[in-house]
Amino acid sequence: MRNTCSMPSTPANRDETILPTYSKQPRERSCFEHFAEEAKLAELVSDDAANLREAIGGEAYEVDTMYRTFAEQAQAAGDNAAAARFTEVRQDEIQHRDAFTAALNRL
Ligand SMILES: [Fe+2]
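Draft legend 1. Local environment of the overall build of the protein. A count of helical and extended segments in the protein gives 4 helices and 0 strands. In sequence order, the protein lays out its α and β elements as α-α-α-α. Looking at the protein residue by residue over its 107 residues, the buried ones come to 8%. For the protein, restricting intrachain contacts to residue pairs at least 6 apart in sequence, the fraction spanning at least 24 positions comes to 52%.

Spelled out as structure tokens, the structure:
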């Protein structure tokens, strides 16, 4: 059977995530289930604790290495605006890391 699932080119509402969009109609829910099964087969997802640990690792990399290095490089190049922006984004990533850590601790 041919797979007719496709991702929307743009969300109907910028604040709306793809998941609720796919959950509204039976055919779309079927597509969501299809993608969820494919992701599981590709070992992209696991149980909640493992997914959160993976996400925490990604956020920690962004906090401890990526955005810290970007800010340092921008500062060294004399681009204070870019350095400030990377520092600001790093603060956002700290919040993401901490939110995932709190969620993991609640499991
Ligand atoms: Fe993040």
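Having seen the structure, we can now continue with the description.
Draft legend 2. Spotlight on the packing of helix H3 (residues 48-76) against helix H4 (residues 80-106). Two elements in contact, H3 and H4, have axes separated by 8 Å at closest approach and are oriented at 165°. In terms of orientation, H3 lies roughly antiparallel with respect to H4. As H3 packs across H4, the resulting crossing turns out to be left-handed. In terms of residue class, the contact of H3 with H4 is built from 18 nonpolar, 4 polar and 7 charged.

Draft legend 3. Fine view of the environment of Tyr 61. The residue Tyr 61 is located in helix H3 in this model. In this structure, the C-alpha to C-alpha distance between Tyr 61 and Arg 97, residues 36 residues apart in sequence, is 9.6 Å.

Draft legend 4. Representation of the environment of Ala 102. Among the secondary structure elements, Ala 102 is positioned in helix H4. Under the C-beta neighbour-count criterion, Ala 102 is labelled exposed, with 10 such atoms within 10 Å. Each C-alpha atom of the pair Ala 102 and Leu 52 lies 9.8 Å from the other, and the pair is 50 residues apart in sequence.

Draft legend 5. Broad picture of H4. Relative to the 39 Å expected for 27 residues at 1.5 Å per residue, H4 spans 39 Å between its end C-alpha atoms, a close match to the ideal helical length. Packing partners of the buried residues in H4 comprise H3.

Draft legend 6. Looking closely at the confidence of the model for the protein. Residues of the protein with pLDDT of at least 70 account for 73%, and the chain-wide mean is 82. Mean pLDDT in the protein bottoms out at helix H1 (residues 18-23), which sits at 48, and peaks at H4, which reaches 97. Per-residue pLDDT stays below 50 along residues 9-22; that stretch engages in 10 contacts with residues further than four places along the chain or on separate chains.

Draft legend 7. Layout of H3. With 29 residues, H3 extends 40 Å between its outermost C-alpha atoms, agreeing within 8% with the 42 Å of an ideal straight helix rising 1.5 Å per residue. The largest bend along H3 reaches roughly 40° and is located at Glu 62. Three or more residues of H3 are buried, namely Leu 52, Glu 59, Val 63, Tyr 67 and Ala 71. Of the surrounding secondary structure, the elements contacted by the buried residues of H3 are H4.

Scoring rules and cut-offs
Every chain begins its residue count from 1, and numbering advances along the sequence as written. With the structure being a predicted model, the display of local features is reserved for residues of pLDDT at least 70 and the display and counting of side-chain atom pairs for 80 or more, all residues being used for whole-chain, interface and lining totals. The helix count covers DSSP runs of H or I at least four residues long, the strand count covers runs of E at least two residues long, and both are numbered beginning at the N terminus. Three classes are used. A residue is buried when 20 or more other C-beta atoms lie within 10 Å of its own, exposed when 12 or fewer do, and partly exposed in between, with C-beta atoms placed from the backbone. C-beta atoms are first placed from the backbone for all residues, and any pair lying within 7 Å is then listed as a contact. Whenever a helix is involved, its axis is fitted only over the stretch in contact; in every case the axis is a line through C-alpha atoms, and angles between N-to-C directions fall within 0 to 180 degrees. By definition in this entry, angles of less than 35 degrees are roughly parallel, angles greater than 145 are roughly antiparallel, angles of 65 to 115 are roughly perpendicular, and the rest are oblique. Should the near helix be turned anticlockwise from the far one by less than a right angle, the crossing is termed left-handed; should it be turned clockwise, right-handed. Under this grouping Gly is polar, as are all residues other than the nonpolar Ala, Val, Leu, Ile, Met, Phe, Trp, Tyr, Cys and Pro and the charged Asp, Glu, Lys and Arg. To estimate how far a helix should extend, the number of its residues minus one is multiplied by 1.5 Å. The pLDDT score gives, residue by residue, the confidence of the prediction method on a 0 to 100 scale. Each residue is assigned a bend, namely the angle between axes fitted to the seven residues that terminate at it and the seven residues that start at it.

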